[in-house]
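# Fold and geometry: a report
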Amino acid sequence: MPVFALVDCNNFYASCEKLFDPTIRDTPIVVLSNNDGCVVARSAESKALGVPMGAPWFQIQEIAKTHGIRAFSSNYALYADMSNRVVEVLSQFSPNLEVYSIDESFLDLSGFTHLDLVDYGQQIRKRVSDWLGMPVCVGIAPSKTLAKLANHIAKKRSAYSGVCDLTRCSESELIQLLAEIEVGEVWGIGRQLKQRLNKMGIVTVRDLRDADASQLRQQISVVLERTVRELRGVACLELEEVAPAKQQIMVSRSFGNYVYTVEALAESVSAYVSRAAEKLRRQHSLAGAVSVYVRTNPFKPKDPQYQRTVTMPLAEPTADTMKLTHAALQVLKYIFKSGYAYQKSGIILTDLCPENCRQVSLFAEPEKDNQSKQLMATLDRINQKFGRSTIRLLSEGSRKDWHMRREKLSPSYTTNWAELPVVKAR
Amino acid sequence: MPIVPMSSPIFLPETCPDIRWARNDAPRRYRPLGLVKVSAGFPSPAADYEDRRLDINEYLIRNSVSTFFFPVEGNSMEGAEIFSGDILVVDKSIPPKHDHIVVAFVNGERLVKRLYHRNGRLALLAEHPGYPAVEANEGVEFLIWGVVVGKFKRFGC
């Protein structure tokens, strides 16, 4: 019988910040999205104060100040490292693990059913807390959808002490639990679907579990039918262990300030191509085409609007940053129009193929290709050792007015020698 | 055997059917050329005794997933040979015990201290006559972050 555990970190971004900053142990904090836009994470204290998820920071910052709420910019370097560590610790508890998101993983516990699973869940919580200072909750159930619900129960009801195991519930206990949760909490049921189901008389998770599955398949979708079966304890979803290689790689960002010149746009496009090319080489692929797009701010309809995307196929698939940048900049020159306030640019590498499967073109120069490969390998090694963009193309520029606004960024406590947390010997 | 002049070939598929002849219209197949040199000659007599080169990480870090680095500023721990500028190796997976050197969060500060936990007394001690101990009482916000398992430093040569 399959058994899944869903382990997720409580207030992950906020917890990462609190781990290293001794001044905010009991302070209500929030973490903001790119460009310090909206609230994407809240500490327990901020939740208690009623700060809504997704609130635009500029709207709430005055109220925040009066309540002593501190805001932080998203510190991706820190969160990624802590996430990797959490996953590494979790992998000690099961041979099969699926990293579902930056702060959630599914564990396959089907080989552990002879154990007391609540106790096992508590061991997981204790180790992640002791070793990493990260609070987590564990939900255990015979299907992934139920495991997610079990996790929700573990998180919301303190009586469970952070671990909820639905496999040890009797049928009636389980039905009682599900009757107390509203249907919108189920994995895959968004706001619109929830409203549709409510209109059909399906209000609680129990209602959904008891509903006519084939009727739901006809009226809504086969995905919903699968959800119903999962709620009944039938595992329809498997653990996805290996993320498939991406079929296209996109890098894009909104700008911190509007950009008006092709030179500044070229800097951003160059930087994005470098990043995308790194990802391309990491998954051992080559790109056969490059797309570039630019656009103005669609939320300012009074301003002149312009957006354009153009894709350029390459003579030969490549992973060479310089060749890709050259192509991207050619496209940019072609699509750029002056007189507009650009708010976002992006590039997409498409038509990917595996490294070892290229067809050699009539114009190929194998020796130059080897040199380029070696150069890229060296570039990647140096950037990996000394930090991203240690070596970058001149076209990426140094002024960087368009860089993402992150004014409240905490130090990269665990990934940058220059930003380690200092302890005082006093 | 008669000596046959080379100008008139006699070894042909028709005259020697027992020989396996290559077809002129056979499909081409590409085989990779071995680009790696194969060394011939004596194998190294030291090969059996080879050990791996020493790695500082193995010496200083026992459990890398729970290990973090903290640079030190100040001299209150000089008695324990911890000096300003050292980088501490802190392992959160080690349960803190009496006499361990620890990183602690105390009243909004990150400190390095020696842990005293005996006979009901819990305190954080300095290793320098000029600095007082911090007792765990009401009003003192005390969190033992992790145990210091080592330190390292680089000279600017």
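Presented here is a report on the structure given in the accompanying data block. In this text the structure is predicted, and so the values were computed from the model without any measurement.

Right, let's get into the interface of chain A and chain B. Facing 27 residues of chain A, the contacting portion of chain B comprises 33 residues. Between chain A and chain B, roughly 2700 Å² of surface is buried when both sides are summed, and carbon and sulfur atoms account for 59% of that area. Counting the contacts that link chain A with chain B gives two salt bridges. The residue Glu 109 of chain B makes a salt bridge to Lys 424 of chain A at a minimum N-O spacing of 3.4 Å. Applying the counting criterion to the chain A and chain B interface returns 17 residue pairs in polar contact (both at pLDDT 80 or more). At the level of elements, helix H1 (12-20), helix H4 (76-90), helix H5 (117-132) and strand E13 (423-424) of chain A are the ones that each hand at least two residues to the side of chain A that touches chain B. The residue inventory of the side of chain A that touches chain B, partitioned by class, reads 14 nonpolar, four polar and nine charged. Sheet topology note: the E13 of chain A/strand E1 (residues 67-73) of chain B ladder contains two bridges and is parallel. The partner of Val 423 of chain A across the bridge, within E1 of chain B, is Val 72 of chain B.

Okay, the pattern of salt bridges next. All names here are of chain A. Considering all chains together, one arrives at 20 salt bridges over all chains under this definition. The shortest N-O distance in the salt bridge between Lys 126 and Asp 130 comes to 2.6 Å. On the criterion of helical spacing, the pair formed by Lys 126 and Asp 130 is a turn pair, its members being four residues apart in helix H5. Judged by relative accessible area, Lys 126 falls into the exposed class, the value being 53%. The closest approach of N and O atoms between Glu 182 and Lys 194, which form a salt bridge, is 3.2 Å. Here Lys 194 lies in helix H8 (residues 191-199) and Glu 182 lies in the loop between helix H7 (171-179) and H8, a separation of 12 residues in the sequence. A single salt-bridge network, built from bridges that share partners, covers Asp 116, Asp 165 and Arg 168.

Residue and element names in this part refer to chain A. Taken in spatial order, the four strands of this open sheet run E9-E12-E10-E11, and their pairing is antiparallel. Sheet topology places strand E9 (249-259) and strand E11 (307-318) at the edges, where each strand pairs with a single neighbour. Across this sheet, the average inter-strand angle for adjacent strands is 15°, counted without regard to direction. As paired elements, E9 and strand E12 (residues 342-354) share seven bridges and run antiparallel to each other. Each bridged residue has a counterpart across the sheet, and for Val 259 the counterpart in E12 is Tyr 342. Relative to E9, helix H12 (residues 262-282) is tilted by about 155°, and along the sheet it contacts E9, strand E10 (285-296), E11 and E12. Of the strands in this sheet, E10, E11 and E12 are in contact with helix H13 (residues 321-335), which crosses E11 at around 150°.

What counts, and where the lines are drawn
Residues numbered from 1 in each chain as written. Chains lettered and ligands numbered in written order. Predicted model: local features only at pLDDT ≥ 70, side-chain atom pairs only at ≥ 80, totals over all residues. Heavy atoms only, no water. Contact = heavy atoms within 4.5 Å. Buried area = accessible area lost by both parts, 1.4 Å probe. Salt bridge = Lys/Arg side-chain N within 4 Å of Asp/Glu carboxyl O. Polar contact = N/O pair within 3.5 Å; in protein donor to acceptor, adjacent residues only side chain to side chain. Helix = DSSP H or I, 4+ residues; strand = E, 2+ residues; numbered from the N terminus. Nonpolar A, V, L, I, M, F, W, Y, C, P; charged D, E, K, R; others polar. Pairing = 2+ DSSP bridges. Buried < 20%, exposed > 50% of the residue type's maximum accessible area, 1.4 Å probe, protein only. Axes fitted to C-alpha atoms, helices over the stretch in contact; angles between N-to-C directions.

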